[in-house]
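# Summary of structural features
Each chain, letter by letter, is given below.
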Amino acid sequence: MNTDRMRYTFFVSTAITLAIVLMGCANPIKSARISLATVARLQTEAVNTFKEYDANRQLDIVKTATSADAAKAALAAWRAERKPAVQALQGLYLVSVAAEKSIALAEQGLDKSISMASVVREIFDAFDKVKTILMSLGVPLGGAAQWK
Amino acid sequence: MEIAGLILGGIGKLVSIGMEAAANAAADNEAVKVQLHAVLDELKAQVDALPSALAANDAAADEALKNKFPTG
């Protein structure tokens, strides 16, 4: 083996090794999954907070009502008002599942057009919309409200 | 010859480090995937239970209403 060939082999091997190490460190697929898991955790928290808020809100309505009819009307109004939040939370779960499917397709190389940045942005935007609905209902989202 | 041996040894070492890094990255990816699936399963369980939880809230409120206004 002559010196030039050895030098060439050495540099190529070093470049391949560095590429593999860098790919391991900055893996967009892994980052997208971590972001999605964070959003999914916040969604779970939002669902639980919403359930608790609904229970308290309904009991407060009954507690402060001055007549049975007024309580019934206020309860019916609240139950209609909360419907979009329920639909949004159910829809958000579907968005999360679709995001994970996109990530899996990209990982397997089955769809090369999928961008991890857009998958993450999509799920963040969907969560923002749900946050807006829940906050308009007065649901205290705590840390999730500030999170973006 | 000694230099050639050192260079070849270095290449071998670098390749083994690279392969180890790739194997670690693959294992790490798999762990993140498993973790995400667990989080999504938990979310699914909560979302699926949402309608029945709200129905239970409705029933509790209706019950409280009956207790507060027995004749209403």
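Residues numbered from 1 in each chain as written. Chains lettered and ligands numbered in written order. Predicted model: local features only at pLDDT ≥ 70, side-chain atom pairs only at ≥ 80, totals over all residues.

### Some thoughts on the overall build of chain B
A tally of helices and strands in chain B yields one helix and zero strands. Over its C-alpha trace chain B gives a radius of gyration of 31 Å, far above what one expects of a compact globule, namely 11 Å for 72 residues. For chain B, the spread of C-alpha atoms along the three principal axes comes to 105 × 15 × 5 Å. (Helix = DSSP H or I, 4+ residues; strand = E, 2+ residues; numbered from the N terminus. Rg over C-alpha atoms; globule rule 2.2 N^0.38 Å.)

### Focus: the overall build of chain A
The helix and strand tally for chain A stands at five helices and zero strands. Walking chain A from its N terminus toward its C terminus, one meets helices and strands in the order α-α-α-α-α. The buried share of chain A, reckoned over its 148 residues, is 28%. (Buried ≥ 20, exposed ≤ 12 C-beta atoms within 10 Å, placed from the backbone.)

### Some points on helix 1 (residues 2-68) of chain B
All names here are of chain B. With 67 residues, helix 1 extends 95 Å between its outermost C-alpha atoms, agreeing within 8% with the 99 Å of an ideal straight helix rising 1.5 Å per residue. Along helix 1, the sharpest change in direction is near 45 degrees and occurs at Leu50; proline Pro51 comes one to four residues later. Within helix 1, the full set of buried residues consists of Gly18, Leu36, Val39, Leu40, Leu43, Gln46, Val47, Leu50, Leu54, Asn57, Ala61 and Leu65. (Expected span 1.5 Å × (residues − 1). Bend = angle between axes of the 7 residues up to and from the residue.)

### Focus: the confidence of the model for chain B
When pLDDT is averaged along chain B, the result is 86, and 97% of the positions lie at 70 or above. Quick note on the complex model: pTM equals 0.76, ipTM equals 0.75. (pLDDT = per-residue confidence, 0-100.)

### Quick look at the interface of chain B and chain A
If you look at the interface, chain B gives 37 residues, while chain A gives 44 residues. Along the lines of polarity and charge, the residues of the side of chain B that touches chain A split into 23 nonpolar, eight polar and six charged. (Contact = placed C-beta atoms within 7 Å. Nonpolar A, V, L, I, M, F, W, Y, C, P; charged D, E, K, R; others polar.)

### Concerning the nonpolar core
Residues Leu36(A), Leu89(A) and Ile123(A) are the most contacted members of the largest nonpolar core, which totals 31 residues. Mapped by element, the contributors of at least two residues to this core are helix 2 (28-64), helix 3 (68-107) and helix 4 (116-136) of chain A together with helix 1 of chain B. By residue number, the principal contributor to this core is helix 2 of chain A, which donates nine residues. In this view, Leu36(A) contacts Ser96(A), Ala99(A), Glu100(A), Ile123(A) and Leu36(B); residues no more than four positions away in its chain are not counted. Counting residues in hydrophobic clusters, the runner-up holds six residues, among them Ile61(A), Val62(A), Ala71(A) and Ala61(B). (Core = buried A, V, L, I, M, F, W, Y, C linked by C-beta atoms within 7 Å.)

### Observations concerning the environment of Glu81(A)
With respect to the secondary-structure elements, Glu81(A) resides in helix 3. Measuring from C-alpha to C-alpha, the distance between Glu81(A) and Leu94(A) comes to 22 Å, with 13 residues separating the pair along the chain.

### What to know about the packing of helix 3 of chain A against helix 4 of chain A
All names here are of chain A. Relative to each other, helix 3 and helix 4 sit at 170 degrees, their axes nearing to 10 Å. Judged by the inter-axis angle, helix 3 sits roughly antiparallel to helix 4. Contact residues: helix 3 offers Pro84, Ala85, Ala88, Leu89, Leu92, Val95, Ser96, Ala99, Ser102, Ile103 and Ala106, while helix 4 offers Met116, Val119, Glu122, Ile123, Ala126, Phe127, Lys129, Val130, Ile133 and Leu134. Looking at the contact of helix 3 with helix 4, its residues break down into 17 nonpolar, two polar and two charged. (Axes fitted to C-alpha atoms, helices over the stretch in contact; angles between N-to-C directions. Parallel < 35°, antiparallel > 145°, perpendicular 65-115°, else oblique.)

### Looking at the packing of helix 2 of chain A against helix 1 of chain B
Running from amino to carboxyl end, helix 2 of chain A crosses helix 1 of chain B at an angle of 10 degrees, the nearest separation of the two axes being 9 Å. In terms of axis orientation, helix 2 of chain A runs roughly parallel to helix 1 of chain B. Grouping the amino acids of the contact of helix 2 of chain A with helix 1 of chain B by side-chain chemistry returns 22 nonpolar, eight polar and nine charged.

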